[in-house]
Structure formats: structure tokens, C-alpha cells
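Descriptive analysis of the structure
Spelled out, the chains give:
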Amino acid sequence: MHSSTADVTPPTRSALSGLVGNTPLLHISEPLAPTGRGFWAKLEGFNPGGIKDRPGLHMAERARARGDLRPGARIIESTSGTLGLGLALAGMVYGHPVTLVTDPGLELSMSRLLTAYGARVNVVAEPHPTGGWQQARRDRVTQLLAQHPGSWCPDQYNNPDNTTAYTPLALELATELGHIDVLVCSVGTGGHSAGVSRVLRQLYPNLTLVGVDTIGSTIFGQPARTRLMRGLGSSIYPRNVAYEQFSEVHWVAPSEAVWSCRQLATSHYATGGWSVGAVALVAGWLARSLPKEARIAAIFPDGPQRYLSTVYDDDYCAAHGLLDGPPAIEPDVVGRLDEKEVTRWTRCATVVDPLTLTDTDTDADADADADAGLNDEDLADSTQEQV
């Protein structure tokens, strides 16, 4: 008796999407937090391409359902890398060619990987004079859309589907942890912080949302500067950022993120890139500062693979002055988002849309909030005003 290949049902293309989600949860303690304290890290790097596999698939699916993305049409988008992987996956699942616009800062390994997954990689040569590389990439996307009639751009910075894509992630966290007091998220397009927090707030109305940005990013009212860290931060003002949901924001410098990444690697066999290091630094401080019973969840967007030539390369880090030792035990504090330009780990406990900031805003209330810090009452009350 012999077997026949006809007896075996081949997997469908859409089965690829089943690889996304249900990522591991790991408790992080020493050395980022003392023994008996810590935070829970959601390891989104265990998705095939990282956290942005979720919106890559979801934005394409919803666009197809609306008729915005026609069968076989080209997907064209700007990316610093991770969303590109998600869109390459979506292209495979739904049968679309994919063009990804990036800049010279994209790691060679990531460019090769995107190409291996079938995407075209288009690299802009010069930054936009005011909007930096990000605006230059978006301008190129506009040009390419005109060259490919019927093509579709997800517009991740403003697309509400980029936010709703994270509903499953929020529900995974709720199922695994049962209760969450504090959620710590890096902020780039604003998608996952908005999407996860909105769902969790329905379950836990007193949830405290802490945002993590990079120095040199405009998202929370700082001036735009050349940024070494990729994957968080922006030179524009993404409209997906849910400013009203944040209880506070922290800015982190590259050397501080590198230190945290390497500490995670040597202590927990789990780490990632710039965003992971920045989020871990802030979550560790919260675990040291808040009551022991506070349950803190942090989202780690990716793994370490694409950062082997940067974050984990001693020569690269030394050349950029990133190995100067551990960061300060506590962050600096500012009372207002635009009080001063920050250059190291700094927090602000009053968050507003920076496009609404005016010179007539008073600092008194903001200073009081910043000095108060997060405490027992904050866990119960700090988000009441923002729900």
C-alpha cells in the first residue's frame, strides 16, 4: 500500500496569518527591578516579523473589504523596517505586490530580508528640509502611487485600522494577566499604544498609560533632531497618537536604550531593539517606584535580530558614544512638554497634543503634577480625567 499526495490537503495561503499573535509573556525583574518586583513583557518579536505584522495584515484586510485595495493591486508604503515586514506578509497572504520606501538608515540585513520576502525596496537619497527622512519617504510614496494606477497606501500614520489592529493584542494581555494597572508602550505611529490602551481601558477604567519616545522626536512636543534610534519617534505629528490617553511620557536617549537592551539579554535571554530598551528602562523604573502590588505590562515590539550591527555591536556603539555606563537611577522631570529640549531620560506627567500648545499655557499645574509622580492614588485616579 502506498500513500498518495492527493490524500494530503495543502495549507492555504491565508494560513500564514495564523503565525501572528499569541506571543509569549515574560516577567522581568533583576537587574531592572529589585527582587520581588518587576513587570510583564509581551514579546511581540515572536511574531514572524514583529509587532507590525498585526497592522500589516489588518490594514490590508480592511482595505480589501472596503474595495480600497483591489485584487492584485500594488501596496506602497513608507517604513523604517518593521511595518515593511508586516506588509510583505500581507502581500503574500492576499496576493499583492509590495513596494516599501525607506532611507539609508535602514539596516542592510533588513533590506535584504524585505527583498527576500518579495518586496521592492525603494530608498530615498536626501532628507526633507523640515520633515527629515520621514517626510522624504512619504513624498516618494506619493510619487510612486501616481506611477502605479490603482495602487494603495496604508497611510499608517493616520489610518484608524492601524489602531484597531491591536485589539487582539489587548485581549491577549487581559487574558494572560487578569488585571493591569499600568501599560508601557513605545510611540512611533501611535498605533499600538492607542489600540491596546483603548481596549484595556474598557476592562480596567483606572489604567495608567505611559508613553516612551526618543530624544529628538516631535511626537510629544520636542524639536525635531537627527535620531539614531529607529522604530520609535517621529519627525511629524502622527494623528493616530491618542494624546488624551497618556498619563505621562518619557524620552530616552540611545545610550540608555542600549544599556537596557544588553541588560535584558544577559539576564533574561530576551531582548530587542531600540524600542525594547527604552520601554524596559521606563518599566523597570515604574516597578521600582510604584507599590509592589502594581501590575505593570510592557510591550516589546520586536526582537534583537535586526540590531546585531547596531545595538549589539561594540564598535558601532563605541563610535556613537553609547557605552558610557548605566543611565541615571531616576529620570529628569519637566512640567511641560516643550519646557526645554531634553537630551537624556526625562519624564513629563502632563501630556497634550503638541499642536495645541501655546505660549500662554501656564506651567503651574503641570509642575505640580510632575512633582507628584505616580503613587497609590494615581493608580486609582490618574486616568479618571482622561477616560
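Provided above is the structure to which this section pertains.
Here is a short report on the structure shown in this document. (Residues numbered from 1 in each chain as written. Predicted model: local features only at pLDDT ≥ 70, side-chain atom pairs only at ≥ 80, totals over all residues. Heavy atoms only, no water.)

1. Considerations on helix α2 (residues 82-94)
The condition is simple: Only DSSP runs of H or I with at least four residues qualify as helices, and only runs of E with at least two residues qualify as strands; both kinds are numbered from the N terminus onward. Residue count minus one, scaled by 1.5 Å, sets the expected span of a helix. Each residue is placed in one exposure class: buried if its accessible area under a 1.4 Å probe, protein chains only, is under 20% of its type's maximum, exposed if it is over 50%, and partly exposed if it falls in between. Only heavy atoms enter the contact rule, under which two residues are in contact if any of them lie within 4.5 Å.
In a regular helix each residue adds 1.5 Å, so 13 residues correspond to 18 Å; α2 covers 19 Å between its end C-alpha atoms and thus fits that length. Within α2, 11 of the 13 residues are buried, which leaves it mostly tucked inside the rest of the structure. When we look at burial in α2, the residues that qualify are T82, L83, G84, L85, G86, L87, A88, L89, A90, G91 and V93. Elements that come into contact with the buried residues of α2 comprise α1 (53-66), β3 (75-78), β4 (98-102) and α3 (108-116). Directly beyond the C-terminal end of α2, a positive phi value near 80° is found at G95.

2. Here's the deal with the packing of aromatic side chains
Put simply, the rule is: A pair of aromatic rings is counted whenever rings of Phe, Tyr or Trp (Trp by its six-membered ring) have centres within 6.5 Å, and the orientation is called stacked for planes under 30 degrees apart, edge-to-face for over 60 and tilted otherwise.
In total, this model carries 4 aromatic pairs according to the counting rule given. Both rings, one in F220 and one in F246, keep their centres 5.4 Å apart while their planes meet at 90°; by these two values the pair is edge-to-face. With a gap of 26 residues between them, F220 in the loop between β7 (208-214) and β8 (246-252) and F246 in strand β8 connect regions that are remote in the sequence. Residue classification places F220 among the buried positions, given a relative accessible area of 0%.

3. Let's talk about the pairing of strand β2 (residues 39-43)
A regular strand places its side chains on the two faces of the sheet in alternate fashion. Keep this limit in mind: Two strands make a pair as long as DSSP finds a minimum of two bridges between them.
Summarising burial for β2: 4 of the 5 residues are buried, a large majority. Sheet analysis places strand β1 (residues 25-28) next to β2, joined by 4 bridges and oriented antiparallel. Considered in β2, the bridge of L25 is made with K42. When β2 meets strand β9 (residues 296-300), the two strands line up parallel, connected through 4 bridges. Each residue of the ladder has a partner; that of A41, found in β9, is A298.

4. Digging into the packing of helix α6 (residues 167-177) against helix α7 (residues 191-203)
Inclusion rule: Fitting a line to C-alpha atoms yields each axis, with helices limited to the stretch in contact; the angle taken between N-to-C directions then spans 0 to 180 degrees. By definition in this entry, angles of less than 35 degrees are roughly parallel, angles greater than 145 are roughly antiparallel, angles of 65 to 115 are roughly perpendicular, and the rest are oblique. Note on convention: the crossing is left-handed when the near helix lies turned anticlockwise from the far helix by less than a right angle, right-handed when the turn is clockwise. Only Asp, Glu, Lys and Arg are considered charged, only Ala, Val, Leu, Ile, Met, Phe, Trp, Tyr, Cys and Pro nonpolar, and every remaining residue, Gly among them, polar.
For the pair α6 and α7, the least separation of the axes is 8 Å and the interaxial angle reads 45°. By the angle between their axes, α6 is oblique relative to α7. Where α6 crosses over α7, the handedness of that crossing is right-handed. For the pair α6 and α7, the contacting residues are T167, L169, A170, L171, L173 and A174 in the first and V196, V199, L200 and L203 in the second. Classifying every residue of the contact of α6 with α7 gives 9 nonpolar, 1 polar and no charged.

5. Re the sheet that holds strand β5 (residues 120-123)
What the 3 strands build is an open sheet, ordered β3-β4-β5; its pairing is parallel. Of all the strands in the sheet, just β3 and β5 have a single pairing partner and so form its edges. For this sheet the average axis-to-axis angle between neighbouring strands, irrespective of direction, equals 20°.

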